[in-house]
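An overview of the molecular structure
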Amino acid sequence: MGEFKVHRVRFFDYMPSGIRALAFNQDTERMAVARMDGSVEVFHCSDRFFQEKIIPGREQFGIEGLSWVGERLFSAGLNGGITEYDLTNQKVKYTIDAYGGPIWTIAGNQQGTHLAVGCEDGTVKLFEVNEDNIQFERNLDRQKSRIVSLSWHPSGSKIAAGMMDMIQVFNVETGKQRLASRIKECVVWSVVYLSDGTIITGDSVGMVKLWDDQTGTLIKSHNVTKCDVLALSVSQNEDSLVAGTSEGIVVQFQFVSMVLGKDDKEWVRTRTFRNHTHDIRAVAEITTAVVSGGMDAQLVVRPLLDKIEERSAASALRKIHFPHRRLVACARKSGLMLFQYPGHLELWRLGESEGKGSSLFVKRNPEKLLHLKVKGEDHIRCSAVSPCGEWIVYSTASTLRLYRLHCDNNNISITKISKLPKVLSSANQLCFSSDSSHLFSASAQSSVHLVSISQSGCKFVGTLKPKSGSHQAIHLLAASEDGKWVASANSDHEVHIYNLQTRKVHFMTTVFVLEMFEYSIEQKQYTDWSRTVQRKGLHRLWVERDTPCLNVMFNPQNPSHVILHDMYMLCIIDQSLPLPDDKTQFYNQLTLKSLTEEQRKSHSHAFKVCKTFKDILCVELMPDQSLVVVERPLEDIATQLPAPIKQKKFAT
């Protein structure tokens, strides 16, 4: 694997935002996740929960609920507005005011024709879903307290609403109240309406209750927790229900026969999952798993093993902590690091060390050079620093800003470049050329704008347009070290390689297989090594990893070495060595060092894995062959979370 001097960076205080709402689209197998900072993420559930899209949040834009209508996604929140998202370009499409004060809940019917929202003023408001927008239709009977939860009957003819001390059932056609059931001294945080007319509620006194929608009578109660039941979700065939609590526990109920051979079924508590430390604000039961999220900011995917035919990577417990995108940029030639927060950027200079051994003496500490606050309400979508460290750029959904950095001894100042080309209105991804003379901006419809930058200003050079005509946003962008090529990847699984001299597509390919590819630009084809990988396949331990690779690098001083990493490990692939088969052990480097020379040779294969570092956000190879490893220990994140509800433990 070789020896590397490592800058171990732990001063990026990234803090993930808590999860507020989930919405699962059964048809497309997409999970939408809303966070406390107003951002929305879309995960591909059948693609190992890869985070396909991220729509940044905005200041004072809290989201209380999400709802899919077909392939369209809507949210509502305490600002009183309903928002539809442009998922192709990953931005807000429009927001309309519901004129009912803060909105606490939103739900779409299964027919895809209407949205219902529950408001602070006690109204349930219906909106018709049209081709390009939504239109207010009517208010249902107004109540005395805010509407906290909503659920449509699968027929679309009735709506159940939860509020303080009560649940209501409304006739959608007339807007009139059909039934009221009183629940003393509690808040109905969540409600589910089943096709057989059963209404299930979760409330602030820790109960899951079943009601008859014809008589309003209580059928059965389950005491789940001493705290709150905050969220409920039912499976598509209505035979399983999950409840999320403020204790961080998920409880599953199943609709089963109590006597073998009898048709009479009851809802029975069957499983308890303890994967969270704080309030669970949202749950969703998908085809083969329970998904939950809450104040601890982690998205937990808990497989239901009785619904999985064979054990594989899909049957593993997943905890998604970090976004599947880069929040750290490195000015490799100047030793600077740019950290992206939602509302500001920080520029740091790496420290210096001396001596030899596993731990080196630090002769100069890392230094924070710049704190750049974003103007406006929109959060940062992407950012970059030039390799020379002289240029900083960032983009929100509505604007792009470019700055020049001036260093005079220890005095740091920046100048905003005021006259930018009009095409640089916003970007989905940004990067600089290796000589810092050009900026690449990935815009809408998978195109890449190319501008030259110098002391005299910024000048538009041209637009690199995809061969396929795809409209999906670009989520990966990279420029070659020799300045001849730039590559992009979009959500349609397309990879484009552009020739910067001709500004034309040199090669385009579509990648669907969950493997690893290496492409020869000169030969316009996959390399022999890449074809070997596709033919033989990769080791099962590699394939079954539950986090995506966040960066891939070639080592200029050793072309056969490919360096990559995910959240848990750093890996160097030595293409000169044979690929491991499934019987080969994956030893980390510390274990290999303890073996004899002969034993090490017998275990020699292409994959060299290092697990010395953990909770990795970024790894970069510097020109002096040192590595920069940016870690964000989960323990540090946990210490900054609000205190969880205190739970009494045995013998304490």
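Residues numbered from 1 in each chain as written. Predicted model: local features only at pLDDT ≥ 70, side-chain atom pairs only at ≥ 80, totals over all residues. Heavy atoms only, no water.

Here's the deal with the overall build of the protein chain
Per the secondary structure count, the protein chain includes five helices and 53 strands. For 652 residues, the compact-globule estimate of 2.2 N^0.38 gives 26 Å, and the protein chain sits close to it at 27 Å. Taking the principal axes of the C-alpha coordinates as reference, the protein chain spans close to 75 × 65 × 50 Å. For the protein chain, with 652 residues in total, the buried portion stands at 54%. Long-range pairs, those at least 24 residues apart, make up 46% of the contacts in the protein chain between residues at least 6 apart in sequence. Charge-centre separation for the protein chain: the mean point of 76 positive side chains lies 4 Å from the mean point of 72 negative side chains. (Helix = DSSP H or I, 4+ residues; strand = E, 2+ residues; numbered from the N terminus. Rg over C-alpha atoms; globule rule 2.2 N^0.38 Å. Buried < 20%, exposed > 50% of the residue type's maximum accessible area, 1.4 Å probe, protein only. Contact = heavy atoms within 4.5 Å. Lys, Arg positive; Asp, Glu negative; His and termini not counted. Charge placed at Lys NZ, Arg CZ, Asp CG, Glu CD.)

A closer look at the packing of aromatic side chains
Counted under the stated rule, the structure contains 14 aromatic pairs. One aromatic cluster is present, formed by Phe11, Phe12, Tyr14, Phe322, Phe339, Tyr341 and Trp348 through successive ring pairs. The ring of Phe61 carries the charged tip of Arg58 above its face, separated from the ring centre by 4.0 Å. Taking the ring centre of Trp542 as reference, the NZ or CZ of Arg545 above it sits at 4.2 Å. (Phe/Tyr/Trp six-rings, centres within 6.5 Å; stacked < 30°, edge-to-face > 60°. Lys NZ or Arg CZ within 6 Å of the ring centre and 35° of its normal.)

Quick notes on the sheet that holds strand E25 (residues 289-294)
Sheet strands associate in pairs through backbone hydrogen bonding, adopting either a parallel or an antiparallel arrangement. On the basis of which strands lie adjacent, the open sheet formed by four strands has the order E24-E25-E26-E27 and antiparallel pairing. The sheet terminates laterally at strand E24 (280-285) and strand E27 (318-320), the two strands that pair on one side only. Across the sheet, the axes of successive neighbouring strands diverge by a mean angle of 15°, strand direction being ignored. Note that E25 and strand E26 (residues 299-303) share four bridges and pair antiparallel. Counterpart to Ala289 in the pairing with E26 is Pro303. (Pairing = 2+ DSSP bridges. Axes fitted to C-alpha atoms, helices over the stretch in contact; angles between N-to-C directions.)

Focus on the nonpolar core
Nonpolar side chains tend to gather and get buried jointly when the protein is soluble and globular. Core analysis: the biggest nonpolar cluster contains 20 residues, and Val9, Phe12, Val328, Met337, Phe339, Val628 and Val630 have the highest contact counts within it. Looking at this core, the elements that each hand over two or more residues are strand E28 (328-331), strand E29 (336-340), strand E52 (616-621) and strand E53 (627-631). Filtering out sequence-adjacent residues up to four positions away, Val328 remains in contact with Phe12, Met337, Leu338, Phe339, Cys618 and Val630. Counting 16 residues, the second-largest nonpolar core is a separate cluster that includes Ala331, Leu369, Val374 and Val385. (Core = buried A, V, L, I, M, F, W, Y, C linked by side-chain atoms within 4.5 Å.)

Let's talk about the state of the cysteines
Summed over the entire model, instances satisfying the criterion amount to zero disulfides. Here Cys382 stays free of any disulfide, with the sulfur of Cys431 as its closest cysteine sulfur at 10 Å. On the basis of relative accessible area, Cys382 is assigned to the buried category, the value being 4%. (Disulfide = S-S within 2.5 Å.)

Quick word on the side chain of Asn551
Considering the arrangement of structural elements, one finds Asn551 in strand E48 (residues 551-555). For Asn551, a relative accessible area of 12% translates into the label buried. Polar side-chain contacts of Asn551 include one of 3.1 Å to the backbone oxygen of Val619. Not counting residues within four places of it along the chain, the set of residues in contact with Asn551 comprises Arg326, Ile563, Leu564, His565, Val619 and Glu620. (Polar contact = N/O pair within 3.5 Å; in protein donor to acceptor, adjacent residues only side chain to side chain.)

Points about the sheet that holds strand E39 (residues 438-442)
Overall, antiparallel pairing links the four strands, which are arranged E38-E39-E40-E41 in an open sheet. Sheet topology places strand E38 (429-432) and strand E41 (457-464) at the edges, where each strand pairs with a single neighbour. Pairwise comparison of adjacent strand axes, ignoring direction, gives a mean angle of 20° for this sheet. Relative to strand E40 (residues 448-454), E39 is paired through five bridges, and the arrangement is antiparallel.

Looking at the pairing of strand E6 (residues 65-69)
The buried fraction of E6 amounts to five of the five residues, a majority that puts the element mostly inside the structure. Both E6 and strand E7 (residues 72-76) contribute to a ladder of five bridges, which runs antiparallel. When the sheet's bridge partners are listed, Gly65 is paired in E7 with Ala76. Hairpin connection from E6 to E7: two residues lie between these consecutive antiparallel strands, with Gly70 at a positive phi of about 65°.

Some details on unusual backbone geometry
A positive phi angle, close to 75°, is found at Ala297, a residue other than glycine. Backbone geometry at Lys524 places phi at a positive 55°, although glycine is not the residue there. Of note, Lys524 is situated in the loop between strand E46 (519-520) and strand E47 (525-526).

Quick notes on the pattern of salt bridges
What the rule picks out here adds up to 19 salt bridges. Two residues, Glu481 and Arg332, come together in a salt bridge whose shortest N-O distance is 3.4 Å. Residue Glu481 is located in the loop between strand E42 (474-479) and strand E43 (485-490), and its partner Arg332 is located in the loop between E28 and E29; the two are separated by 149 residues in the primary sequence. Residue class for Glu481 comes out exposed when judged on its relative accessible area of 55%. Salt bridges linked by common partners bring Arg8, Arg10 and Glu631 together as one network. (Salt bridge = Lys/Arg side-chain N within 4 Å of Asp/Glu carboxyl O.)

Quick look at helix H1 (residues 528-536)
Buried within H1 we find Trp529, Ser530 and Val533. Take H1 and look down its axis: the buried residues cluster within an arc of 100°, on one side only. The exposed set on the far side of H1, more than 90 degrees from its buried face, consists of Asp528 and Arg535. Turning to H1, the residues buried within the fold contact E47 and strand E50 (570-574). Gly537 sits one or two residues past H1 and shows a positive phi near 80°. (Arc of directions from axis to C-beta.)

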